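# Structure at a glance
As a plain string of letters, each chain reads:
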Amino acid sequence: MQKVITLSTIFLTIFLASCATTTSYKPSFLREYIIDVPQGNVLEQDKISQLHSGQHKDQVKFLIGSPMLNDVFHKNRWDYVFQYRHGKTGEITTRQFTLFFDDNDLLVDATGDVVLEKSHGDEMMPKAKNTKIELGKMTEEQIKTPLPPRTPPTLAEKILDSLGF
């Protein structure tokens, strides 16, 4: 009986020790694949270059999308934030692009990291930091020309939109 208890104790000790996760041996040729993680607004240079001072918020949203941060206390400021974590190195790159509007919801100024270059395949990585952008001026005729009225979505478009298509 004593031998059974001793053998059971040894077996249980070995079994529990094998479940330990402190430092387990892993051969050097076995590596986990860690994906690259882009998060936030990926801004494309061709879209940003179409921004002009005097554009309405709707036009800006149509060109570069909705802002990541829309501050309640600063309704005339839109922040576009982009963060990229490289899978192999773990290096994190953060970029920010900020747009400022006047009281009439017209674009006035823009600052941030906007120059993008293509690298690592299809990923878009910002190249410059803290760049002040000179926005082109719109002519008086362009400013006075109203936007075309929005057409309300049809019933089919509403149904497809609610289904996520």
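Not measured: the values here are computed from a predicted model.

Counting its regular elements, the protein chain contains five helices and ten strands. For the protein chain, the residues scored as buried account for 24% of the 165 residues in total.

We now examine the pattern of salt bridges. According to the stated counting rule, one finds two salt bridges in the structure shown. Here Lys-57 and Asp-105 are joined by a salt bridge, their closest N and O atoms 3.5 Å apart. A residue pair is termed long-range when its members are at least 10 positions apart, and Lys-57 in helix 3 (residues 57–64) and Asp-105 in the loop between strand 5 (92–101) and strand 6 (107–112) qualify at 48 residues. Since its relative accessible area comes to 13%, Lys-57 is described here as buried. What makes Asp-105 partly exposed here is its relative accessible area of 26%.

This part is about the nonpolar core. Judged by nonpolar contacts, the single largest core of 13 residues is most densely connected at Leu-51, Val-60, Ile-64, Tyr-80, Phe-97 and Leu-99. Within the residue set of this core, elements represented by two or more residues are helix 3, strand 4 (77–85), strand 5 and strand 6.

Right, let's get into the packing of aromatic side chains. For any pair of aromatic rings, the description rests on two quantities: the centre-to-centre distance and the angle between the ring planes. Taken as a whole, this structure holds two aromatic pairs when the rule is applied. Note that Lys-57 overlies the ring of Phe-101, its terminal NZ or CZ placed 5.3 Å from the centroid.

Attention now moves to the environment of Gly-112. With respect to the helices and strands, Gly-112 occurs in strand 6. The exposure class of Gly-112 is buried, given its relative accessible area of 10%. Along the chain, Gly-112 and Tyr-80 lie 32 residues apart, while their C-alpha atoms are 9.1 Å from each other.

Of the pairings in the sheet, the one linking strand 4 to strand 5 comprises nine bridges and is antiparallel in character. By the bridge assignment, Val-81 is partnered in strand 5 with Gln-96. Counting the residues in the hairpin turn of strand 4 and strand 5 gives six residues, including Gly-90, whose phi is positive at 80 degrees. One ladder, built from five bridges, connects strand 5 with strand 6; its direction is antiparallel. In the sheet register, Phe-101 faces strand 6, and the bridge partner there is Leu-107. Where strand 5 folds back on strand 6, the antiparallel hairpin that results is connected by five residues, among which Asp-105 adopts a positive phi of roughly 65 degrees.

The volume enclosed by the largest pocket comes to roughly 180 Å³. In the lining of the largest pocket, the residues fall into six nonpolar, five polar and no charged.

Turning our attention to the environment of Lys-47. With respect to the helices and strands, the residue Lys-47 is situated in helix 2 (residues 45–48). The exposure class of Lys-47 is partly exposed, given its relative accessible area of 32%. Measuring from C-alpha to C-alpha, the distance between Lys-47 and Phe-62 comes to 9.7 Å, with 15 residues separating the pair along the chain.

Bringing helix 3 into the picture now. The complete set of buried residues in helix 3 reads Lys-57, Val-60, Leu-63 and Ile-64. Taken around the axis of helix 3, the buried residues stretch over an arc of 125 degrees, which confines them to a single face. Buried-residue contacts for helix 3 involve helix 2, strand 4, strand 5 and strand 6. Phi turns positive, to about 90 degrees, at Gly-65, one or two residues after helix 3.

Below, the discussion takes up a nonpolar patch on the surface. Together, Leu-155, Ile-159, Leu-160, Leu-163 and Phe-165 make up an exposed nonpolar region whose accessible area comes to about 590 Å². Considering the arrangement of structural elements, one finds Leu-163 in helix 5 (residues 155–163).

Conventions we followed
Residues numbered from 1 in each chain as written. Predicted model: local features only at pLDDT ≥ 70, side-chain atom pairs only at ≥ 80, totals over all residues. Heavy atoms only, no water. Helix = DSSP H or I, 4+ residues; strand = E, 2+ residues; numbered from the N terminus. Buried < 20%, exposed > 50% of the residue type's maximum accessible area, 1.4 Å probe, protein only. Salt bridge = Lys/Arg side-chain N within 4 Å of Asp/Glu carboxyl O. Core = buried A, V, L, I, M, F, W, Y, C linked by side-chain atoms within 4.5 Å. Phe/Tyr/Trp six-rings, centres within 6.5 Å; stacked < 30°, edge-to-face > 60°. Lys NZ or Arg CZ within 6 Å of the ring centre and 35° of its normal. Pairing = 2+ DSSP bridges. 1 Å grid on protein atoms, 1.4 Å probe; cavity = no way out; pocket = protein on both sides within 12 Å on 5 of 7 lines; lining within 4 Å. Points joined across faces, edges and corners; volume = space filled by probe spheres on them. Nonpolar A, V, L, I, M, F, W, Y, C, P; charged D, E, K, R; others polar. Arc of directions from axis to C-beta. Contact = heavy atoms within 4.5 Å. Patch = residues over 30% accessible without salt bridge, like charges linked within 9 Å, V, L, I, M, F, W, Y side chains within 5 Å. Areas by Shrake-Rupley, 256 points an atom, 1.4 Å probe, with all protein chains shown as cover.

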